[in-house]
Amino acid sequence: MTFPPHGKHLIAGDWVASAETFSSAPVHGSAFAYSVGSPALVDRACEAAEEAFWTYSATTREDRAVFLETIAEEIDARADAITWIGAAETGLPEARLQGERGRTTGQLRLFASHIRAGDYLDRRHDAALPDRRPLPRPDLRMMQRPIGPVAVFGASNFPLAFSTAGGDTAAALAAGCSVVVKGHDAHPGTGEIIAEAIKAAVTRLGLPKGVFSLIQGGNRAVGEALVQHPLIKAVGFTGSLGGGRALFDLCARRPEPIPFFGELGSVNPMFLLPEALANRAEELGRGWAASLTLGAGQFCTNPGIAIVVESQAAAFVESAKAALSASVAQAMLTDGIGQAYKAGVARITSDATVQTVLATPCGDREAKPFLFQVSAEDWAKNPALAEEVFGPLGMVVTVSKAEDMAALARTFAGQLTATLHMDPGDADLARGLLPILERKAGRVLANGFPTGVEVCDAMVHGGPYPASTNFGATSVGTLSIRRFLRPVCYQNIAADLLPVDLQ
């Protein structure tokens, strides 16, 4: 399946070209030229999004549910083209992209079901008490309402599920917000096809054209202009700590500060408790290796740190080393990610207290696994060892005795996930660790690996800073819709004037 991308932005239903272009950098196949975004295009898209919001925010839940389902249909209709260009641009296997497309359409349909049910509105009513003394009570009704146009930044590592029509876009559209997406330079062709699917859904249903726009990247000024635009009321972002923090600061410094919902990074520590390690060391080592190398380690939930008792480490480490040694080189998503991976490896190997268990040569855009080991005492002396390395890199941190795990757990910064590998005899130790881990992470799991993120009602994909910039939010699951809503109280408003969902 091949096709020539037109390389344009989608601004309020129109395909718009720019004089300046950038070239894609595919892993294989031909490169294509794409228009570079600009602050002027950002302004045009935001103005259209604001105009569309007045109409779109007033649509019924059923109208929006049908819209989300129609987007999913249009994406499925382009399945072969999406897989072809996505694989070329990112190097991800076709099966992975097909699965990610299913996740993308699945979460669109999940949000359709969620808003039909209406529970997310959190409707409340305190009836008037006119005879109450000393003062009467007015009639009070409350409901969640959409906040306004939302900016979404496409993610490098998920060209579908966290990008153009990914979770942030789906949640915002479900809430009743218009959306302006800044596409990621790693997969501009994939973003273009998904934008075509959204445009087709807008046209089919006769929705306001400004409800969705895509501005291709190529210029840092685009992102800065987008988060600073006075018509944007919230931002959804998945990416690096450095880039996310810079945008977060821009949002905070605006004359009207707005929420920045950034998912930024995590080392996702695993605590391997003594009985589990005694019973399953080799199995756990192989499982960890498989999780570390999944997708070349380019998952924000990659479990980069394993904490074990030093006297039990050998069998687990040898099992992980053997499994990692058998791994083949995998393409990184971009040249920049490949360079950052090598820089992260160099940062760790420069610490003389860290033992290199496995080192493998990497190409410019190809990654192979690295495995390191360090004592908890030495690990604590070098804060850089606790920083995320995006790629298939694992570090074993050894403690002298199991009771030391709790003190080590307290030193971790905010995480997306934390894992307990435990058997029944580890219950008392786990009971002491759990209150610490639930303060450190958005998701705590037992006897599994965190690289699978289920899209459902109960999922939390977020955590204390620096895992995310808003510890009370999630970017995965139906709770993520709450990021793009705000409560409004209606006092003594006549029933026929209230929003339909409150009548």
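Located above this text is the structure these notes cover.
Residues numbered from 1 in each chain as written. Predicted model: local features only at pLDDT ≥ 70, side-chain atom pairs only at ≥ 80, totals over all residues. Heavy atoms only, no water.

Draft legend 1. Here's a closer look at helix α8 (residues 241-253). Compared with an ideal rise of 1.5 Å per residue, which puts 13 residues at 18 Å, α8 spans 18 Å between its outermost C-alpha atoms and is within 8% of the ideal. Along α8, the positions that sit buried rather than exposed are Gly244, Leu247, Leu250 and Cys251. Within α8, the buried residues cover an arc of 120 degrees as seen down the axis, which keeps them to one side. Turned more than 90 degrees from where α8 packs its buried face, Gly242 and Arg253 sit exposed. Considering only its buried residues, α8 is in contact with β7 (150-153), α7 (220-228), β10 (234-238) and β11 (260-263). (Helix = DSSP H or I, 4+ residues; strand = E, 2+ residues; numbered from the N terminus. Expected span 1.5 Å × (residues − 1). Buried < 20%, exposed > 50% of the residue type's maximum accessible area, 1.4 Å probe, protein only. Arc of directions from axis to C-beta. Contact = heavy atoms within 4.5 Å.)

Draft legend 2. Structural context of the sheet that holds strand β13 (residues 305-309). Spatial strand order, β15-β17-β18-β13-β12-β19-β20: seven strands in an open sheet with mixed pairing. Two strands in the sheet have a free side with no partner beyond their single neighbour: β15 (355-358) and β20 (441-446). Direction aside, the axes of adjacent strands within the sheet are offset by 20 degrees on average. Two elements, strand β12 (residues 270-272) and strand β19 (residues 415-421), share three bridges in a ladder whose sense is parallel. (Pairing = 2+ DSSP bridges. Axes fitted to C-alpha atoms, helices over the stretch in contact; angles between N-to-C directions.)

Draft legend 3. Summary view of the pairing of β7. The two faces of β7 match: Val150 and Val152 on one face and Ala151 and Phe153 on the other face are all buried. In this structure, β7 lies alongside strand β8 (residues 179-182), joined through four bridges in parallel fashion. Along β8, the bridge assignment pairs phenylalanine 153 with lysine 182. Between the parallel elements β7 and β8, the chain passes through helix α5 (residues 167-175) in a crossover that is right-handed. One ladder, built from three bridges, connects β7 with β10; its direction is parallel. Counted as the bridge partner of valine 150 is alanine 234 from β10. (Right-handed = clockwise from strand over helix to strand, strands pointing away.)

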